[in-house]
Amino acid sequence: TEQAYASDNLGYTQDSWNNPGNNTVEEWSFRDLYDSEAEGALGLGLDSEAWDCHINHYYGYWWSDLAKNGYDVYFSILGWDEDKWDNGSSEPETEGMEW
């Protein structure tokens, strides 16, 4: 079942499921997940593109990975650059903004 994929494979609890950003598995890009975690994500209908965008928000990528996929353009518009992204030197003003 979907709940089993979420809890058994990805380590979600009811609390971490209902509060995104509270499960450490979300820090990893899809390619860095263990096989059982990737199986859990796929069981929930999340392929690598969906996981990296909607769950990990590309935080598991290095700047070179963003550039290779053409995403660096969009992150640059938001004020990110390689130093900020890879080294955490600072965050752009847009990082704390809400809709």
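Residues numbered from 1 in each chain as written. Predicted model: local features only at pLDDT ≥ 70, side-chain atom pairs only at ≥ 80, totals over all residues. Heavy atoms only, no water.

Chemist: Which residues make up the overall build of the protein, and what values go with them?
Modeler: Helix and strand counts for the protein stand at seven helices and zero strands. Its C-alpha atoms give the protein principal-axis dimensions of roughly 40 × 25 × 20 Å. Relative to its 99 residues, the protein shows a buried fraction of 32%. Counting only contacts in the protein whose residues sit at least 6 apart along the sequence, the fraction spanning at least 24 positions is 39%. Looking at the protein as shown, the accessible area adds up to about 6900 Å², and 48% of this sits on carbon and sulfur atoms. (Helix = DSSP H or I, 4+ residues; strand = E, 2+ residues; numbered from the N terminus. Buried < 20%, exposed > 50% of the residue type's maximum accessible area, 1.4 Å probe, protein only. Contact = heavy atoms within 4.5 Å. Areas by Shrake-Rupley, 256 points an atom, 1.4 Å probe, with all protein chains shown as cover.)

Chemist: Give me the environment of Tyr12: which residues, what numbers.
Modeler: Note on placement: Tyr12 falls in the loop between helix H1 (2-9) and helix H2 (14-18). Tyr12 gets classed as buried once you look at its relative accessible area, which sits at 9%. A C-alpha to C-alpha distance of 31 Å links Tyr12 and Gly70, two positions 58 residues apart in sequence. Side chain to side chain, Tyr12 and Glu26 meet in a polar contact 2.8 Å long. (Polar contact = N/O pair within 3.5 Å; in protein donor to acceptor, adjacent residues only side chain to side chain.)

Honestly, it's all geometry; don't read function into it.
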